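A structural walkthrough
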Amino acid sequence: MRTNTNSRGGLLWLFGAILVIQGFGSAITEARWNTSFGAAALLRAAGLPQWTTLLIGFAGLVLLLMAARGHDARNRT
């Protein structure tokens, strides 16, 4: 069972980091240089507003917090 929890925790860290970088990085790039890349480019092509990239960044933060909480709980036992 320990392998599954380690894999799950690793995936949470990975996907959380990807979403934070894509979400906040895309938002900063759009605001600063008026260009889209990654998640922002896909969202603009779908016709969604600019603030949706921030939602992706916050979703990444939630995943990172979940991963940190799981890591902390495993270390206590």
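The notes below deal with the structure included here. What you see is a predicted model; the values in this text were computed from it and never measured. The written sequence of each chain sets the order in which its residues are numbered from 1. With the structure being a predicted model, the display of local features is reserved for residues of pLDDT at least 70 and the display and counting of side-chain atom pairs for 80 or more, all residues being used for whole-chain, interface and lining totals. The basis for every side-chain value is the complete set of heavy atoms in the structure, and neither hydrogens nor water enter the calculation.

1. Digging into the pattern of salt bridges
Salt bridges, as used here, are contacts in which a Lys or Arg side-chain nitrogen is within 4 Å of a carboxyl oxygen on Asp or Glu. The final tally for this structure, using the stated rule, is one salt bridge. Residue glutamate 30 pairs with arginine 44 through a salt bridge whose shortest N-O separation is 2.8 Å. Note that glutamate 30 is positioned in helix H1 (residues 2–33) and arginine 44 in helix H2 (residues 38–45), a separation of 14 residues in sequence. By definition, any uninterrupted DSSP run of H or I lasting at least four residues is a helix, any uninterrupted run of E lasting at least two residues is a strand, and each is numbered from the N terminus.

2. Quick notes on the side chain of glutamate 30
Partly exposed describes any residue whose relative accessible area lies between the buried limit of under 20% and the exposed limit of over 50%, with all areas from a 1.4 Å probe on protein chains only and scaled to the type maximum. Judged by relative accessible area, which is 7%, glutamate 30 ranks as buried. Throughout, a residue-residue contact means that at least one pair of heavy atoms, one from each residue, lies within 4.5 Å. Here glutamate 30 is in contact with Thr35, Ser36, Ala40, Arg44, Gln50 and Thr53, once residues within four sequence places are set aside.

3. Topic: the packing of aromatic side chains
Any two of the Phe, Tyr and Trp rings considered here, Trp counted by its six-membered ring, make a pair once their centres fall within 6.5 Å; the pair's planes then place it as stacked at under 30 degrees, edge-to-face at over 60, or tilted in between. Within the structure shown, the criterion is met by one aromatic pair. Residues phenylalanine 24 and phenylalanine 58 carry aromatic rings whose centres are separated by 5.3 Å and whose planes lie at 90° to one another, so their mutual orientation is edge-to-face. Of this pair, phenylalanine 24 sits in helix H1 while phenylalanine 58 sits in helix H3 (residues 52–76), and the two are 34 residues apart along the sequence. For phenylalanine 58, a relative accessible area of 47% gives the class partly exposed.

4. Things to note about a nonpolar patch on the surface
A contiguous nonpolar surface patch, about 500 Å² in accessible area, is contributed by Trp51, Leu54, Leu55, Phe58 and Leu61. Along the chain, the position of tryptophan 51 falls in the loop between H2 and H3. The residues that make up patches have over 30% relative accessible area and no salt bridge, and they are joined within 9 Å when like-charged or within 5 Å when they are Val, Leu, Ile, Met, Phe, Trp or Tyr. Each accessible area is a Shrake-Rupley estimate made with a 1.4 Å probe; only the visible protein chains count as cover when residues are assessed.

5. Re unusual backbone geometry
In terms of backbone geometry, most residues other than glycine have negative phi values and most peptide bonds are trans. The backbone of asparagine 34 sits at a positive phi, close to 50°, despite the residue not being glycine. For asparagine 34, the position within the fold is in the loop between H1 and H2. A relative accessible area of 71% places asparagine 34 in the exposed class.

6. Side note on H2
Residues spaced three or four apart along an α-helix face the same direction, because each turn holds 3.6 residues. All of the buried residues along H2 are Ala39, Ala40 and Leu43. Projected onto a plane normal to the axis of H2, the buried residues spread over an arc of 95° and lie on a single side. For H2, the exposed residues lying more than 90 degrees away from the buried face are Leu42 and Ala45. Positive backbone phi, at 85°, marks glycine 47, one or two positions downstream of H2. Working definition: the arc comes from the directions between the helix axis and the C-beta atoms, pointing outward to the latter.

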